[in-house]
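Descriptive analysis of the structure
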Amino acid sequence: MPRMDTRTTILAGAARIFETEGFRGVGVDRLLAPSGASTRTLYKHFGSRDGLVLAVLEERQRSFLAWLERETYAADPVGGLFRTLVDWQRERGTHGCMLLRAHAEYAADSEAVVDLVRREKRVFRTIVAKRVAAALGREDARLATEIWLLFEGATAAAAVADTSVVEAAEALARRLVAGAEGTGS
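For clarity, every value in this text was computed on a predicted model and none was experimentally measured. (Residues numbered from 1 in each chain as written. Predicted model: local features only at pLDDT ≥ 70, side-chain atom pairs only at ≥ 80, totals over all residues. Heavy atoms only, no water.)

**Brief notes about the pattern of salt bridges**
Across all of its chains, the model carries 13 salt bridges by this definition. The salt bridge partner of Arg62 is Glu59, with a shortest N-O separation of 2.5 Å. Taken together, the residues span about one helical turn, with Arg62 and Glu59 both in helix H4 (residues 49-70) at a distance of 3 residues. Two residues, Glu170 and Arg174, come together in a salt bridge whose shortest N-O distance is 2.7 Å. Of this pair, Glu170 and Arg174 are both found in helix H9 (residues 164-183), 4 residues apart, which corresponds to roughly one turn of the helix. For Arg174, a relative accessible area of 39% gives the class partly exposed. Within the structure, one salt-bridge network assembled from shared partners comprises Asp76, Arg83, Glu170 and Arg174. (Salt bridge = Lys/Arg side-chain N within 4 Å of Asp/Glu carboxyl O. Helix = DSSP H or I, 4+ residues; strand = E, 2+ residues; numbered from the N terminus. Buried < 20%, exposed > 50% of the residue type's maximum accessible area, 1.4 Å probe, protein only.)

This is the structure:
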């Protein structure tokens, strides 16, 4: 396995800690411990602790979207969203959505974090809308919002239950798509 560069090593270690311990209550020394990097190195690569938070969130979203792109979903574009989430959670754990947890912790203190989360969630909602359109052969903004809500809710619920809630959400999403196919509206 190739050796990771310092920036990537810091990102990976900080992501694991943020995932399990949250954002605000974790000090810089704890964030840097897995990489062995110095505070100076943190500032060199990220500018600040908040810069590290932003970089971790951007990398997490990039990584998740790459998982979605890998998945072949032509036969079931909406169900594929949920199957990808189950695979993701089985490999990485059911901790809820890191972006939404960061938003909750930083809502009053970091416009940059809030803006990043909102932007990334808009991107994901667009992906969901495209999947819904692929399933129906037409756009359906309301159904896309409903599927997005199911996905986000299942992501959060799996953190206190298990991936079976994601599978239940997938089944409900399929019923919603089937109902929309039957109505044509």
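What follows continues from the structure just given.
**A short note on the packing of aromatic side chains**
For the coordinates displayed, the defined rule picks out 8 aromatic pairs. The interplanar angle of 65 degrees and the centroid separation of 6.2 Å between the aromatic rings of Phe64 and Phe124 together place this pair among those described as edge-to-face. Of this pair, Phe64 sits in helix H4 while Phe124 is found in helix H7 (residues 111-136), placing the two residues 60 residues apart along the sequence. Look at Phe64 and you get buried, because its relative accessible area is 8%. (Phe/Tyr/Trp six-rings, centres within 6.5 Å; stacked < 30°, edge-to-face > 60°.)

**Concerning H9**
Taking 1.5 Å of rise per residue, 20 residues should cover 28 Å, and H9 covers 29 Å from first to last C-alpha, within 8% of that figure. Those residues of H9 that sit buried are Val166, Ala169, Glu170, Ala173, Val177 and Ala180. Buried residues of H9, viewed axially, fall in a sector of 105 degrees; they line one side. Opposite its buried face, H9 presents the exposed residues Arg175, Gly182 and Thr183, each directed more than 90 degrees away. The inward-facing, buried residues of H9 contact helix H5 (77-92), H7 and helix H8 (141-158). (Expected span 1.5 Å × (residues − 1). Arc of directions from axis to C-beta. Contact = heavy atoms within 4.5 Å.)

**Here's the deal with the environment of Glu167**
For Glu167, the location among the structural elements is in helix H9. Taking the C-alpha atoms as reference points, Glu167 and Glu152, 15 residues apart in sequence, are found 13 Å from one another. Contact partners of Glu167, with chain neighbours within four places excluded, come to Val86 and Arg90. Within polar-contact distance, the side chain of Glu167 engages the side chain of Arg90 at 3.1 Å. (Polar contact = N/O pair within 3.5 Å; in protein donor to acceptor, adjacent residues only side chain to side chain.)

**What about the side chain of Lys121?**
Tracing the chain through its elements places Lys121 in helix H7. On the basis of relative accessible area, Lys121 is assigned to the buried category, the value being 11%. Not counting the four nearest positions on each side in its chain, Lys121 is found in contact with Cys97, Leu99, Leu100, Trp148 and Glu152.

**A look at the packing of helix H1 (residues 6-21) against helix H3 (residues 39-46)**
Two quantities define a packed helix pair, namely the angle between the axes and the distance from one axis to the other. Interaxial distance between H1 and H3 falls to 10 Å at its minimum, and their mutual angle equals 105 degrees. As far as their axial angle goes, H3 and H1 are roughly perpendicular. For the pair formed by H1 and H3, the contact residues are Thr6, Arg7, Ile10 and Leu11 on the first element and Thr41, His45 and Phe46 on the second. Residues of the contact of H1 with H3, tallied by class, amount to 3 nonpolar, 3 polar and 1 charged. (Axes fitted to C-alpha atoms, helices over the stretch in contact; angles between N-to-C directions. Parallel < 35°, antiparallel > 145°, perpendicular 65-115°, else oblique. Nonpolar A, V, L, I, M, F, W, Y, C, P; charged D, E, K, R; others polar.)

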